[in-house]
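Descriptive structure summary
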Amino acid sequence: MRFLYVAPRYHTNQMSIMKGLIEQGHEVCFVSHYQAAIEDYSHVQPIVLGYSPLYRLLDFLYVKVIHRKNPEAIVFKIQHGFPPMHKLKKIVKSFQPDVVILREKSMYSMAAYHICKKAGYPCILYNQNPMWSEPEKTDFAHRMVNRLSPKMRMTPVMGVKNPGTSIKENDFFIPFVAEPQKAPEERTYFADGIIHILCIGKYEIRKHHLMLLEVVEHLKEKYPLHLTLIGEATNHFQKDYCAQVEAYVKEHHLEACVDVKTNVPRKEMDKEYTKADVYVIPSTREMASVSQLEAMSFSLPVICSDTNGTACYVEDGITGYQFKDCDKEDLERKLDKLLQDKQRLLAMGAAGYQAVVEKYGFNRYLEGILEILGRIGKRE
């Protein structure tokens, strides 16, 4: 089959999917809006199509002039940027996809959907909104966006069943893909008698690096700990926050037990997961992260916030713990509970690895895509 993806960027959470498709003999064309600072093209070389000249001007005014002091202004393009239509049409016509997967209900995706629908290519919407969700809004703007977007939707986020939420008929849960990396018996733990904690996330305030540092600073009085922080620091907002993190480490004399690393290449991440004993992702407003699944593939227990979109991958008390969002005390309680019993820590790491083997392989992803295509075929 020929798979066409159109997404803002070639994200690391797509790498195992691309690898699976290529290894099974499928063809992939990945069109991205822009290129991030750290990307790995081991399996697929994306086409960085960019934006139309008109939008590039609008984006410059929005980010560099009107909202130049807002670190979140750079994401405006994800929803509002639109493509160079002629170039996109040429790509679609040349590739002739069997299925098109469009990221988000954005201007870019709506333009791609218009091109692909007109040519008769089946399209699937991919976003990270939960399966369990509230009824869609019915005002004019939302009705128009829904009309201009694919009807079938896939998401790696299950969400939580609450009053007023439901799973819609055309929604499908297709989890992130992770390959088993290190079984418990294939790796060692507690090198030099130290418990090594790993945290990966862009250097942004919402990632709560400082909160985790405070927790580790407190718990190191009870346990021999070492924390490694790894994250992207490419724009000036990220660099400024990273500097705050480094300053905290220095001011609190934590240099011996904390490493702060930036812009680590993807190919070096396996070493970091292998050296770790525990994985912690303390961020808030995390729609969906794949890193906890990667950590589980290396037989690491995971601690994450209960509002993390993919918290459902961490079975509380089995493969790790979920802590109350933005609650430093609860994060410390959960980490303390994990650290005080090394046998439980090892058992949780083993359970996480087994979950990856049983639930998050590539075949489940492909089966989900084929199920959606079958549903599209019946509707047509």
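To start, this report covers the structure provided alongside it. Residue positions are counted from 1 within each chain, in the order its sequence is given. Only residues with pLDDT of at least 70 get local features here, since the model is predicted, and only at 80 or more are side-chain atom pairs given and counted; chain-wide, interface and lining totals rely on the full set of residues. Side-chain measures here rest on the full set of heavy atoms in the structure, leaving out hydrogens and waters.

Some words on the sheet that holds strand 12 (residues 302-305)
For two strands to be treated as a pair, DSSP must find no fewer than two bridges joining them. Each helix is a run of H or I in the DSSP string that is no shorter than four residues. Each strand is a run of E no shorter than two, and both are numbered from the N terminus. Sheet architecture is open: 6 strands sit in the order 10-9-8-11-12-13, paired in parallel fashion. Across the chains shown, the open sheet's two edge strands, defined by having one partner strand only, are strand 10 (258-262) and strand 13 (320-323). Each neighbouring strand pair of the sheet contributes to a mean axis angle of 15 degrees, computed without reference to strand direction. Sheet topology note: the strand 12/strand 13 ladder contains 4 bridges and is parallel. The residue bridging Cys304 from the neighbouring strand is Gln322, located in strand 13. With respect to the sheet, helix 7 (residues 209-219) is in contact with strand 8 (195-200), strand 9 (225-231), strand 10, strand 11 (278-281) and strand 13, its orientation differing from that of strand 9 by roughly 170 degrees. To get an axis, fit a line to the C-alpha atoms, keeping to the stretch in contact for a helix; angles then go from 0 to 180 degrees between the N-to-C directions. Residues are treated as being in contact if the distance between any of their heavy atoms lies within 4.5 Å.

Details of the side chain of His196
Structurally, the position occupied by His196 is in strand 8. We classify His196 as buried; its relative accessible area is 18%. Identification of polar contacts relies on pairs of N or O atoms within 3.5 Å, with a donor-acceptor requirement for protein atoms, meaning one able to donate a hydrogen and the other able to accept it, and with residues adjacent in sequence counted only if both atoms are side-chain atoms. Of note is the side chain of His196, whose polar atom sits 3.4 Å from the backbone oxygen of Ala191. Not counting chain neighbours up to four residues away, the residues in contact with His196 comprise Ala191, His226, Lys275, Ala276, Asp277 and Val278. Burial classes: relative accessible area under 20% of the type maximum marks a residue as buried, over 50% as exposed, and values in between as partly exposed (1.4 Å probe, protein chains only).

Regarding the pattern of salt bridges
One speaks of a salt bridge when a side-chain nitrogen belonging to Lys or Arg is within 4 Å of a carboxyl oxygen belonging to Asp or Glu. Applying the stated criterion to the full structure yields 20 salt bridges. Salt-bridge contacts for Lys105 lead to Glu136; the nearest nitrogen and oxygen are separated by 3.4 Å. You can see Lys105 sitting in the loop between strand 4 (99-103) and helix 5 (107-119) and its partner Glu136 sitting in the loop between strand 5 (123-126) and helix 6 (140-147), a full 31 residues away along the chain. Overall, Glu136 belongs to the partly exposed group, its relative accessible area being 45%. Here Arg266 and Glu294 are joined by a salt bridge, their closest N and O atoms 3.1 Å apart. Pair noted here: Arg266 is in the loop between strand 10 and helix 9 (269-275) and Glu294 is in helix 10 (residues 291-297), with a separation of 28 residues, a long-range link. Looking at Glu294, the relative accessible area reads 11%, which means it is buried. A cluster of three or more residues bridged by salt bridges with shared partners is formed by Glu204, Arg206, Lys207 and Glu286.

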